[in-house]
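Tertiary structure, described
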Amino acid sequence: MNGWILAAAVLLAGGAGAALWGVATGPLRRRVMAQNLITSAVCPALLLLSQGYGRPSYVDLALLLALLGPVGTLVFARLLSDELEDDRPRAWGPTWAAAGLGAVVVLVLCAATGPSRAMVKLLVVGALLVGGNLVASRALSGGVRGVRHG
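Parameters and conventions
Residues numbered from 1 in each chain as written. Predicted model: local features only at pLDDT ≥ 70, side-chain atom pairs only at ≥ 80, totals over all residues. Heavy atoms only, no water. Helix = DSSP H or I, 4+ residues; strand = E, 2+ residues; numbered from the N terminus. Buried < 20%, exposed > 50% of the residue type's maximum accessible area, 1.4 Å probe, protein only. Areas by Shrake-Rupley, 256 points an atom, 1.4 Å probe, with all protein chains shown as cover. Lys, Arg positive; Asp, Glu negative; His and termini not counted. Charge placed at Lys NZ, Arg CZ, Asp CG, Glu CD. Polar contact = N/O pair within 3.5 Å; in protein donor to acceptor, adjacent residues only side chain to side chain. Contact = heavy atoms within 4.5 Å. Patch = residues over 30% accessible without salt bridge, like charges linked within 9 Å, V, L, I, M, F, W, Y side chains within 5 Å. Salt bridge = Lys/Arg side-chain N within 4 Å of Asp/Glu carboxyl O. Axes fitted to C-alpha atoms, helices over the stretch in contact; angles between N-to-C directions. Parallel < 35°, antiparallel > 145°, perpendicular 65-115°, else oblique. Left-handed = near helix turned anticlockwise from the far one by under 90°. Nonpolar A, V, L, I, M, F, W, Y, C, P; charged D, E, K, R; others polar.

Scanning the protein chain from terminus to terminus reveals six helices and zero strands. Once the C-alpha set of the protein chain is aligned to its principal axes, its extents read approximately 45 × 30 × 25 Å. Within the protein chain, the proportion of its 150 residues that are buried is 38%. Of the roughly 8200 Å² that the protein chain leaves accessible, carbon and sulfur atoms contribute 68%. In the protein chain, 12 side chains carry a positive charge and 6 a negative one; their mean positions are 9 Å apart.

Now the structure itself:
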């Protein structure tokens, strides 16, 4: 076991474990926010595992997850908008922490990879991961002020 795999294991145990607990228990507002944040834990872990095992195909899985995770959250936000209207999720602290963690993991892996096509793919995954989760969290918390839904 190397440092990359250990970091991925810590990230999966801590981040994904907490997010799975949040999805399985509690009120609806916590469950939908935890569903959004699970992408922020699993995607960087896949990137770390890719580096640790030397398998570039894991980066493709992370790219797919970074793209589809926030889309799934947006679908939940739309389908559950009536139930969430009175009690909107507000988890900007965990959202920004998860975005920062994803950015740090991507930047560290870019430094380890060096200039190449693989680094460009890592940067795309990082942009999708951070941007997608921020947009999805914004949608869950009520969207943009002044824009009427419906």
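Below, the discussion takes up the side chain of S137. By the element assignment, S137 lies in helix 6 (residues 117–140). Here S137 falls in the buried class, since its relative accessible area comes to 1%. A polar contact is formed between the side chain of S137 and the side chain of N36, at a distance of 2.8 Å. Ignoring any residue separated from it by four or fewer positions in sequence, one finds S137 in contact with M33, N36, W92 and T95.

The grouping of L64, L67, L68, V71, V75 and L79 at the surface amounts to a nonpolar patch, some 550 Å² of accessible area in total. Examined against the element boundaries, V75 turns out to sit in helix 3 (residues 57–79). The partly exposed category is assigned to V75, whose relative accessible area is 44%.

This next bit is on the packing of helix 2 (residues 28–53) against helix 5 (residues 92–113). Their axes nearest at 10 Å, the elements helix 2 and helix 5 cross at an angle of 15°. The orientation of helix 2 relative to helix 5 falls into the category roughly parallel. Both helix 2 and helix 5 take part in a crossing whose hand is left-handed. Of the residues in helix 5, those touching helix 2 at M33, L37, S40, P44, L47, L48 and Q51 are P94, T95, A98, G102, V105, V106, L109, A112 and T113. Here the contact of helix 2 with helix 5 is built from residues that sort into 11 nonpolar, five polar and no charged.

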